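# Structure assessment
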Amino acid sequence: MTVWIAIALTVVGCYAVKLAGLLVPAGALERPLVRRLAALLPVALLAALTAQQTFSTGSALVIDARAAGLAAAGLALLLRAPFLIVVAAAVVVTAGVRALGG
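Here the structure is a predicted model, which means the values were calculated and not measured. (Residues numbered from 1 in each chain as written. Predicted model: local features only at pLDDT ≥ 70, side-chain atom pairs only at ≥ 80, totals over all residues. Heavy atoms only, no water.)

## What about the overall build of the protein?
Where we set the bar: Secondary structure elements follow DSSP: runs of H or I no shorter than four residues count as helices, runs of E no shorter than two count as strands, and numbering proceeds from the N terminus. The globule rule used for comparison is 2.2 Å times the number of residues to the exponent 0.38, while the radius of gyration itself is calculated over C-alpha atoms. Each residue is placed in one exposure class: buried if its accessible area under a 1.4 Å probe, protein chains only, is under 20% of its type's maximum, exposed if it is over 50%, and partly exposed if it falls in between. Should any heavy atoms of two residues lie within 4.5 Å, those residues are counted as being in contact. For every accessible area listed, the method is Shrake-Rupley and the probe measures 1.4 Å; residues are considered covered only by the protein chains on display.
The helix and strand tally for the protein stands at five helices and two strands. For 102 residues, the compact-globule estimate of 2.2 N^0.38 gives 13 Å, and the protein exceeds it by more than 25% at 20 Å. Considering only C-alpha atoms, the protein reaches an extent of 55 × 45 × 25 Å along its principal axes. When the 102 residues of the protein are sorted by exposure, 11% land in the buried category. Counted over contacts in the protein with a minimum sequence separation of 6, partners at least 24 positions apart contribute 26%. Total accessible area computed for the protein in this model is approximately 8,200 Å², and 78% of it derives from carbon and sulfur atoms.

Here is the structure:
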């Protein structure tokens, strides 16, 4: 039964956040600082999620094949490779390191 309580609380919380967003006055959203923060927030959240998924397993800090794949993707980005090449480089390097025992 506690799972259903958690689901119900999550539903109520999501609805409250959406309602709070609708209640913000339009003038507050037009400020330059708010616009800059709104543009940078998704990038920061994606970087944090990438770091968390790459360098952790459970509650431990781990450097493994995923870090090599991330480094390969970063190098491909620096070389201005197309997105699919960046993803392919990360996949190939990660798989290669894991196949070599890493």
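## Digging into the pattern of salt bridges
Note on pairing: side chains with opposite charge can pair once their charged atoms come close. Let me state the cut-off plainly: Put simply, a salt bridge is a Lys or Arg side-chain nitrogen that is within 4 Å of an Asp or Glu carboxyl oxygen.
Taken as a whole and assessed by the stated rule, the structure comprises two salt bridges. When the shortest N-O distance is used, the salt bridge between E30 and R35 registers 2.6 Å. Judged by relative accessible area, R35 falls into the partly exposed class, the value being 49%. Between D64 and R66 there is a salt bridge whose closest N-O contact spans 3.2 Å.

## Some words on a nonpolar patch on the surface
Applicable threshold: In this analysis, a patch consists of residues with relative accessible area above 30% that form no salt bridge, clustered at 9 Å for like charges and at 5 Å for the nonpolar side chains Val, Leu, Ile, Met, Phe, Trp and Tyr.
A grouping of V3, W4, I7 and V11 is seen on the molecular surface, where their side chains present a nonpolar patch of about 440 Å² in accessible area. Here I7 lies in helix α1 (residues 2-23). Exposure remark for I7: the relative accessible area of 39% places this residue in the partly exposed category.

## Describing the side chain of T54
The cut-off we apply is this: Between N or O atoms, a polar contact is any pair within 3.5 Å; within protein, one atom must be a potential hydrogen donor and the other a potential acceptor, and residues adjacent in sequence are included only when both atoms are from side chains.
Residue position: T54 is located in helix α3 (residues 32-55). The exposure class of T54 is buried, given its relative accessible area of 9%. At a separation of 2.7 Å, a polar atom in the side chain of T54 contacts the main-chain carbonyl oxygen of T50. In contact with T54, other than residues within four places in its own chain, are V62, D64, R66, A67 and L70.

## As for the layout of surface pockets
Counted only if it meets this: Of the two site types, the cavity is a set of points on a 1 Å grid over the protein atoms alone where a 1.4 Å probe fits but cannot get out, and the pocket is an open set with protein on both sides within 12 Å along at least five of seven lines, each lined by residues with an atom within 4 Å of a point. Grid points are joined across faces, edges and corners, and a volume is the space filled by probe spheres set on the points. Note that Gly is not counted as nonpolar here; it falls among the polar residues with everything else outside the nonpolar set of Ala, Val, Leu, Ile, Met, Phe, Trp, Tyr, Cys and Pro and the charged set of Asp, Glu, Lys and Arg.
Roughly 160 Å³ of volume is contained in the largest pocket. T50, T54, R66, G69, L70, A73, L77, F83, V86, V87, A90 and T94 are the residues that line the largest pocket. Of all elements in the fold, only α3, α4 (65-78) and α5 (83-99) reach the threshold of two or more residues within the lining of the largest pocket. Looking at the lining of the largest pocket, its residues break down into seven nonpolar, four polar and one charged.

## A look at α1
Threshold: One less than the number of residues in a helix, times 1.5 Å, gives the span that helix is expected to have.
Over its 22 residues, α1 runs 31 Å from end to end, which matches the ideal 32 Å to within 8%, given 1.5 Å per residue. Across the 22 residues that make up α1, only a small minority, zero, are buried.

## Description of the environment of P25
Its location among the elements puts P25 in the loop between α1 and α2 (26-29). As for P25 and L46, which are separated by 21 residues in sequence, their C-alpha atoms are 27 Å apart.

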